[in-house]
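One-letter residues, chain by chain:
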There are 2 protein chains.
Amino acid sequence: MTLFIRRLNASAEDFHQQLDSLLAFEAALDADLERRVQDIIQAVRQQGDHAVLEFTRRFDQCEAASMAELERPKARLEQALNRISPAEREALTQAAQRIRSYHENQKQLSWRYVDDDGSLFGQQVTALDRVGLYVPGGKASYPSSVLMNAIPAKVAGVAELIMVVPTPRGEHNELVFAAAALAGVDRVFCIGGAQAIAALAYGTQSIPKVDKITGPGNSYVASAKRQVFGQVGIDMIAGPSEILVICDGQTDPNWIAMDLLSQAEHDEDAQAILLCPDAGFLNQVEDSLKRLLPTLSRAAIAKTSLEARGALIKVQDLSQACALANRIAPEHLELSLENPEQWLPHIRHAGAIFLGRYTAEALGDYIAGPNHVLPTSGTARFSSPLGVYDFQKRSSIIQCSPTAASQLGKLASLLARGESLTAHARSAEYRII
Amino acid sequence: MTLFIRRLNASAEDFHQQLDSLLAFEAALDADLERRVQDIIQAVRQQGDHAVLEFTRRFDQCEAASMAELERPKARLEQALNRISPAEREALTQAAQRIRSYHENQKQLSWRYVDDDGSLFGQQVTALDRVGLYVPGGKASYPSSVLMNAIPAKVAGVAELIMVVPTPRGEHNELVFAAAALAGVDRVFCIGGAQAIAALAYGTQSIPKVDKITGPGNSYVASAKRQVFGQVGIDMIAGPSEILVICDGQTDPNWIAMDLLSQAEHDEDAQAILLCPDAGFLNQVEDSLKRLLPTLSRAAIAKTSLEARGALIKVQDLSQACALANRIAPEHLELSLENPEQWLPHIRHAGAIFLGRYTAEALGDYIAGPNHVLPTSGTARFSSPLGVYDFQKRSSIIQCSPTAASQLGKLASLLARGESLTAHARSAEYRII
């Protein structure tokens, strides 16, 4: 198996143009798909369960006669924990514990203070009432994704967590059910696609309406999430997965090559980039990539990804590497360096930062504790990993003392009249003593 | 001026249907407008300044020969502070101070811990680099909106804040420039509409590309924000403003009526609803509304709003009122009650909660301190007031010790092989000692 991976030099005159075109990725918007999804949502809004059943029969080749047949009770999820191997159960249990313990640190608390005028100010933090979790079915059905989405919601205090997972031709994944049991998912419906998103957003006779929907899905699911946004909250629509590795040239080149490949094997649009000041090391990693690639079960996917979107980039020094990392704002950033802590303050934009030669990105995907749902396509410039805070929201609290209401009323009245809003002004003026 | 305001009884059999139809509001999507906005964005992406100038000349009837002519330097903003009246300057200055001091409490801090295995976990919190603030021009040009959007960004530590405000036919508002000076806005361009949003999202020769855009605007601006979302972050697209008042019947009915009117005068789609267990008090408020309405400068707008979307609702008791508040999840909630604190824990969904008879909602619009950009249309079920946290983002931090990498590597390998991702598994396995 041959491999042609892009080699760039950050000192080249046209480097920034090359980098721009390397990073450019726009998901094509398919107007036809958008319309089909719109029709599905409309049908579910109007006909509820009937439409969901009909679409599920058609798209998932499933023969359910009623929605009740598509629900999996908690006892069934618990059963899954006994059907998987003891080693798998132990690994999932440890992962759940570690994810829970990391996320406990993210919980936001209410706060308040009384000022000198005797007025009370604050924010009351509350959990969302009910959340929907989309889990893809078939081969892309990942138990790790169940844990990463469900546990932060439960840590936040979400009272009811509804999971949907399609079971095309009746196929299901015991590990997904087991993960749902461990994560404390409350109800599971075996439905998927745009019809599942519509059912969660608007509710049907059987499926309760939720306040927010999270979790990955195919292009139908992504389009449906975009269309119901506003009616419910949604998480970010994820782009292809990415890794950026900054290495000083002292890590085993096989390790770095496999870290790049672990990203490239995700899908053909995934992006794996290495920055290193040592050209000789880049050669070694290239050799490792060529040697290791054919030994992978998903070699064809990884090859396409590396050739289309990968790069080995020679940088002048580690400062330039950090500047480029901020420019790229990668989903995953490995600092495979001698003193990674020293460089951390220079990194402003990244979804997750893996420090040191031992912290393989793959550990973060499954077991380390931090969330694996991360901002992609440079959106780490303005967004954050999925977290407990995504399942909490805030209400401002204001209680003015009579004295404060009088004093502030005068100022508010002046400003309101400046904006020609006289009812605002007079509502404030009533409280002037 | 006559006024017909809806009277409902929460004990009526069909009350929940009546409430549903009262709350129903869907902003019509205009496919033609969407396409025109798409064309504007494309033109700005391709032609930069040239397109922005061209659109500004056409839509704002402005004769600028270059983008430089459309920029207002900091000195010009400072000048505005001297052009407004001393009373206005004082009111804006106090508002800015109070908003800043409230928002300081929202700042999120980085955190980290080292576990028993010697591994480091945490989250690094950083500010966005550069933010764009849209301010509507003409009559809807609100200095309070400049303060409410700009100050949280500056408290977060945003290095560069770019404001855009259209000046149709050269008209501008000194108060808006003065508010920009007080809030610490870094650069101001007199452009607006979809072209201003596109310029901020993609950058032009003169206008720097930002990471997030906040601020209200007309339907072109809202559509443009939706279309550039993903390229940059955006705040929520606001629906019509709403107030829900819960009163025990002991507040002056004129006060309550004016509080309802202060919301109704915003626009014809605004919603003002009163819940009270005392039918006699509802009659008094209705009388006050009828008497006060004709005395308002925006009486026609307030009348349309109250008749189309307002309601005076008789509830059984205050518990039922709180349950309805959670069902409605209003933008603004007044608890005009004797012991408002007692009822606060029962309120789960509201943008801002105003406690006690003295805390008119209008105080919160201008001067109290908390933000006036709040979730509308029931989105308080899953979202929060605009705050410092909207201008900060988080990066996960993970550093595994060699021992931890070895132990976790075994578990990650097992889970990765369960998901058929062998490069993930082998990347973890390399670190097993």
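Given the structure is predicted, the values throughout are model-derived calculations rather than measurements.

S.K.: Any chance you could explain the UniProt feature "binding site: substrate" (unreviewed entry) in chain A here in plain terms?
M.R.: All names here are of chain A. Using the residue numbers shown here, the UniProt feature "binding site: substrate" (unreviewed entry) corresponds to Ser-241, Gln-263, His-266, His-332, Asp-365, Glu-419 and His-424. Sequence-wise these annotated residues cover 184 residues; spatially they are dispersed, their C-alpha atoms as much as 55.8 Å apart. Here Ser-241 shows up in the loop between strand E9 (233-234) and strand E10 (242-247). Not counting chain neighbours up to four residues away, the residues in contact with Ser-241 comprise Gln-263, His-266, Asp-267, Ala-270, Gln-271, Glu-331 and His-332.

S.K.: What's the story with the UniProt feature "binding site: Zn(2+)" (unreviewed entry) in chain A in this structure? I'm lost.
M.R.: The positions that UniProt labels "binding site: Zn(2+)" (unreviewed entry) are, in the present scheme, Gln263(A), His266(A), Asp365(A) and His424(A). Taking the farthest pair of C-alpha atoms as the criterion, the annotated set spanning 162 residues is dispersed, since that pair is 55.8 Å apart. Tracing the backbone shows Gln263(A) in helix H11 (residues 253-264). If we skip the residues at most four places from it in the chain, Gln263(A) touches Ser241(A), Glu242(A), Ile243(A), Ala270(A), Gln271(A), Ala272(A), Glu331(A), His332(A) and Glu361(A). A distance of 2.2 Å separates polar atoms of two side chains, one belonging to Gln263(A) and the other to Ser241(A). Summarising the element assignment, Asp365(A) is placed in helix H16 (residues 361-366). A relative accessible area of 8% means that Asp365(A) is categorised as buried. Leaving out residues up to four positions away in the same chain, Asp365(A) has contacts with Ser144(A), Met148(A), His266(A), His332(A), His372(A) and His424(B).

S.K.: Teacher, can you tell me more about the pattern of salt bridges here?
M.R.: Should their charged atoms come close, side chains of opposite charge can pair. Applying the stated rule across the entire model yields 46 salt bridges over all chains. Note that Asp186(B) is salt-bridged to Lys154(B), the shortest N-O span being 2.8 Å. With Asp186(B) in the loop between helix H8 (174-183) and strand E7 (187-189) and Lys154(B) in helix H7 (residues 143-156), this pair connects stretches of sequence that are 32 residues apart. Connected through shared salt-bridge partners, Arg7(A), Glu286(A) and Lys290(A) make up one network.

S.K.: Got a minute to help me understand the relation of the copies chain A and chain B in this structure?
M.R.: For these two chain copies, the linking operation is a rotation about an axis paired with a shift along it. With an RMSD of 0.0 Å, chain A superimposes on chain B once it is rotated by 180° and translated 0.0 Å along the axis. The symmetry that links the two subunits is that of a two-fold axis. By C-alpha distance to the rotation axis, the residue of chain A lying nearest is Gln108(A), at 4.7 Å. Most of the interface of chain A is mirrored in chain B: 100% of its interface residues are interface residues there too.

S.K.: Help me understand the side chain of Ser401(B), please; the structure alone is not making it clear to me.
M.R.: Residue and element names in this part refer to chain B. Of note, Ser-401 is situated in the loop between strand E15 (392-399) and helix H17 (402-418). At 2.7 Å, the side chain of Ser-401 forms a polar contact with the backbone oxygen of Asp-117. Not counting chain neighbours up to four residues away, the residues in contact with Ser-401 comprise Asp-117, Gly-118 and Ser-119.

S.K.: What's the story with the sheet that holds strand E15 (residues 392-399) of chain A in this structure? I'm lost.
M.R.: Within a beta sheet, neighbouring strands are joined by backbone hydrogen bonds and run either parallel or antiparallel to one another. As summarised here, the arrangement of the 9 strands in space is E3(A)-E4(A)-E15(A)-E14(B)-E13(B)-E10(B)-E11(B)-E12(B)-E1(B), forming an open sheet in which the pairing is mixed. A strand with exactly one partner marks an edge of an open sheet, and here the two such strands are strand E3 (111-114) of chain A together with strand E1 (7-9) of chain B. Across the sheet, the mean angle from the axis of one strand to that of its neighbour is 20°, orientation sign disregarded. Relative to E15(A), strand E4 (residues 120-127) of chain A runs antiparallel, the two sharing 8 bridges. Bridged to Gly122(A) within E15(A) is Ile397(A). In this fold helix H14 (residues 318-328) of chain B packs onto strand E10 (242-247), strand E11 (271-276) and strand E13 (332-336) of chain B, with an angle of close to 170° to the strand it touches most, E10(B).

S.K.: Explain the nonpolar core here, please?
M.R.: Counting residues in hydrophobic clusters, the biggest one holds 98 residues, and the most contacted among them are Leu147(B), Met163(B), Ile191(B) and Leu363(B). If near-sequence neighbours (up to four positions away) are discounted, Ile191(B) is found in contact with Val52(B), Thr56(B), Met67(B), Leu70(B), Val164(B), Val165(B), Pro166(B), Ala196(B), Ala199(B) and Ile207(B). Formed by 97 residues, the second largest nonpolar core is a distinct cluster that contains Leu53(A), Ile213(A), Ile367(A) and Leu411(B).

S.K.: Just checking my understanding: could you explain the domain arrangement of chain A for this structure?
M.R.: Many analyses report the size of an interface as the accessible area lost when the parts associate. Assigned domains of chain A: these are domain 1 (31-108 + 129-234), domain 2 (239-381) and domain 3 (400-429). The C-alpha centroid of domain 3 of chain A is placed 56 Å from the C-alpha centroid of domain 2 of chain A.

S.K.: I keep staring at the pairing of E13(B) and nothing clicks. Help me out?
M.R.: Every regular strand shows the same layout, with side chains that alternate between the two sheet faces. Residue and element names in this part refer to chain B. With 5 of its 5 residues buried, E13 lies for the most part within the structure. On E13, burial covers both faces: His-332, Glu-334 and Ser-336 on one face and Leu-333 and Leu-335 on the other are all buried. Where E10 lies against E13, 5 bridges are found, and the strand directions are parallel. Bridging from a neighbouring strand, Ile-243 pairs with His-332 of E13. For E13 and strand E14 (residues 352-355), the ladder comprises 4 bridges, and the chain directions are parallel. Residue Leu-335 lies in a different strand from E14, and its bridge partner there is Leu-355.

What counts and how
- Starting from 1, residues in each chain are numbered consecutively following that chain's sequence as written.
- Chain letters start at A and ligand numbers start at 1, both assigned in the order the entries are written.
- Confidence filtering applies because this is a predicted model: local features only for residues at pLDDT of at least 70, side-chain atom pairs given and counted only at 80 or more, and all residues used for totals across whole chains, interfaces and linings.
- Only hydrogens and water are removed before side-chain values are computed, so all heavy atoms of the structure are retained for them.
- UniProt positions are given in the numbering used here, feature names are shortened, and annotations may be inferred rather than shown by experiment.
- Secondary structure is summarised from DSSP: a helix means a run of H or I of at least four residues, a strand means a run of E of at least two, and numbering begins at the N terminus for each.
- The contact definition used throughout considers only heavy atoms, calling two residues in contact when any of these lie within 4.5 Å.
- Any pair of N or O atoms that falls within 3.5 Å is considered a polar contact. Within protein, one atom must be able to donate a hydrogen and the other to accept it, and sequence-neighbouring residues count only if both atoms are side-chain atoms.
- Residue exposure (1.4 Å probe, protein chains only): buried if accessible area is under 20% of the type maximum, exposed if over 50%, otherwise partly exposed.
- Salt bridge, as used here, is a side-chain nitrogen of Lys or Arg placed within 4 Å of a carboxyl oxygen of Asp or Glu.
- Residues reaching a pLDDT of at least 70 in both copies supply the C-alpha atoms on which the copies are superposed by least squares.
- Any two strands with at least two DSSP bridges between them are considered paired.
- An axis is simply a line fitted to the C-alpha atoms; with a helix, the fit covers only the stretch in contact. Between two such axes, the angle follows the N-to-C directions and lies from 0 to 180 degrees.
- What makes a nonpolar core is a set of buried Ala, Val, Leu, Ile, Met, Phe, Trp, Tyr and Cys residues whose side-chain atoms join them at distances within 4.5 Å.
- An automatic or database domain assignment supplies the start and end points of every domain.

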